[in-house]
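Letter by letter, the chains look like this.
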Amino acid sequence: MEPHDAMPQLLLVDNGSRRAAATRALRRLAAALSERLGQPVAPVSLQHADRIAPAELDGRPAALLAPTLRQYLAAGTRDFLLVPLFFGPSQALTVQIPALCAELEREYGAVRWRLAEPLCPLPRGEPLLARILADNLRATLAQTAVTPTAIVLVDHGSPVPAVTAVRQWLAERLSQLLARPVLEAALERRPGGAYDFSGPLLAEVLERLATEPPQSNVALAMLFFSAGRHAGPDGDIATICRAIQARYPLRLVVAPLVSTHPLLIDLLAARARAAL
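Residues numbered from 1 in each chain as written. Predicted model: local features only at pLDDT ≥ 70, side-chain atom pairs only at ≥ 80, totals over all residues. Heavy atoms only, no water.

1. Observations concerning the packing of helix α4 (residues 127-144) against helix α8 (residues 263-275)
The following threshold applies: For helices, the fitted line uses only the C-alpha atoms of the stretch in contact; every axis is such a line through C-alpha atoms, and the angle between N-to-C directions lies from 0 to 180 degrees. Here a strand is any run of E in DSSP of at least two residues, a helix any run of H or I of at least four, and the numbering for each starts at the N terminus. Here roughly perpendicular refers to angles of 65 to 115 degrees, roughly parallel to angles under 35, roughly antiparallel to angles over 145, and oblique to all remaining angles. Working rule for handedness: look at the near helix, and if it is turned counterclockwise from the far one by less than a right angle, call the crossing left-handed; if clockwise, right-handed. Throughout, a contact is declared for two residues whenever any of their heavy atoms are within 4.5 Å. Note on residue categories: nonpolar means Ala, Val, Leu, Ile, Met, Phe, Trp, Tyr, Cys or Pro, charged means Asp, Glu, Lys or Arg, and polar means any other residue, Gly included.
Taken N-terminus to C-terminus, the directions of α4 and α8 make an angle of 165 degrees; their axes are 10 Å apart at the nearest point. In terms of orientation, α4 and α8 fall into the roughly antiparallel class. Along this stretch, α4 crosses α8, giving a crossing that reads as left-handed. Between α4 and α8, the residues in contact are L128, L129, R131, I132 and D135 and L263, L264, D266 and L267, respectively. Split by residue class, the contact of α4 with α8 holds 6 nonpolar, no polar and 3 charged.

Have a look at this one:
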C-alpha cells in the first residue's frame, strides 16, 4: 500500500492496561503495522493506560483514544480508521467507541469514521488466529518437552455472548488443528445463572483436572494479547496457577501471548486494508 495524502489517520486501539508491558506491546505492534501499511499508525488505548508512570514507558506517556482524537480533530484531521486489537465484538467496539465518535461529531462537526473488524468476526471466524494459538502452544510444548493430558483455552471472560462465541469458535478450530479436545475457561465471569454462557472459571477447570484421574499435565492456550494484570508474569492467571500447584501435583505450561506471534501483523494489516 503506497502512502497517499487522502489516507485516513490510522489508530491501533486496545482496551488498555495499567501494566507498562501492555503499552510497550501495543507500540511495537503499531510500529510493525505502520511499516507494513506504509502509513503512520498511532498506538492508543481506550482506558487505564494513562495511569502508567511515563518513566516506565521511556518517558513517553501512554496515549488514550479520546484525547488523541481530540488532538487530531483540533489540528484539522477529519478522516480516521480505527483498527481494534480486540478478538470479538466487545462493548468497547459496539458501545463505547461509537458513543465517543458521536460525542466528538457533536463537538467538531462531520467526521469520517471507519472501524475495522475485530480479529475473529463471526460467523466466518478467523483461521489465522487459530493458527497463531496452535503455533504458540506447539512451540511451548516442544520447548518444555511436556505431553499434556489436557489443553485449556483461556480468555478474560465477557458478559457479551458474542464475545464468548469467539472463544468457542477458536476452541473448536484449535481442537481440529491439534487433533485432540480443547477445553475452555474464563478468567472472570459475572455471578448468576444469566452468565452461564461464559463457561467455567479457570480456577474451577484446573481444580477439576487436578483432582480427577489421571493426574494431569495441563497446557494453557492464552487468548490474551499482552502481559497486562491478567496475563502478565505476576498476573491473575499466574496467581491462580501457583495456588493450584501449591495444593496438587499438577504440572502447568503456559503458551505465549498472541501479540508475540509475527502473524498477528498479517491479520491486523488485512483488517485495516479491508476497512479501507
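There's plenty left to go through after this.
2. Remarks on the packing of aromatic side chains
Cut-off, in case you're wondering: Centres within 6.5 Å are what make two rings of Phe, Tyr or Trp a pair, Trp counting through its six-membered ring; a difference in plane orientation under 30 degrees is then read as stacked, over 60 as edge-to-face, and the rest as tilted.
What the rule picks out here adds up to 4 aromatic pairs. Plain terms: the ring middles of F80 and W113 are 5.2 Å apart, the flat faces sit at 20 degrees to each other, and that makes the pair stacked. Here W113 lies in strand β4 (residues 112-115) and F80 lies in strand β3 (residues 79-84), a separation of 33 residues in the sequence. Grouping aromatic residues by their ring pairs yields a cluster made of Y72, F80 and W113.

3. Remarks on the pairing of strand β8 (residues 251-254)
Spelled out, the test is: Think of it this way: DSSP has to see at least two bridges between two strands before they count as a pair. With strands facing away from the observer, any crossover in which the path from the first strand over the helix to the second runs clockwise is taken as right-handed.
Looking at chain direction, strand β7 (residues 217-222) and β8 are connected through 4 bridges and run parallel. In the sheet register, A219 faces β8, and the bridge partner there is V253. In this fold, the crossover linking β7 to β8 by way of helix α7 (residues 236-247) has right-handed handedness.

4. Describing the nonpolar core
Note the following rule: We call a set of buried residues a nonpolar core when its members are Ala, Val, Leu, Ile, Met, Phe, Trp, Tyr or Cys and they connect through side-chain atoms within 4.5 Å of each other. Exposed residues in this analysis have more than 50% of their type's maximum accessible area, buried residues have under 20%, and partly exposed residues fall in between, with area computed by a 1.4 Å probe over protein chains only.
Counting residues in each nonpolar core, the largest one holds 46 residues, and the members touching the most others are L12, L85, L129, L170, L264 and L268. Elements supplying a minimum of two residues to this core: β1 (9-14), α1 (20-37), β3, α4, β5 (150-155), α5 (161-178), β7 and α8. Not counting the four nearest positions on each side in its chain, L85 is found in contact with L12, V13, D14, L26, L29, L119, F225, L264 and L268. Core analysis: the next-biggest nonpolar cluster, separate from the first, contains 24 residues, L206, I240, Y248 and L252 among them.

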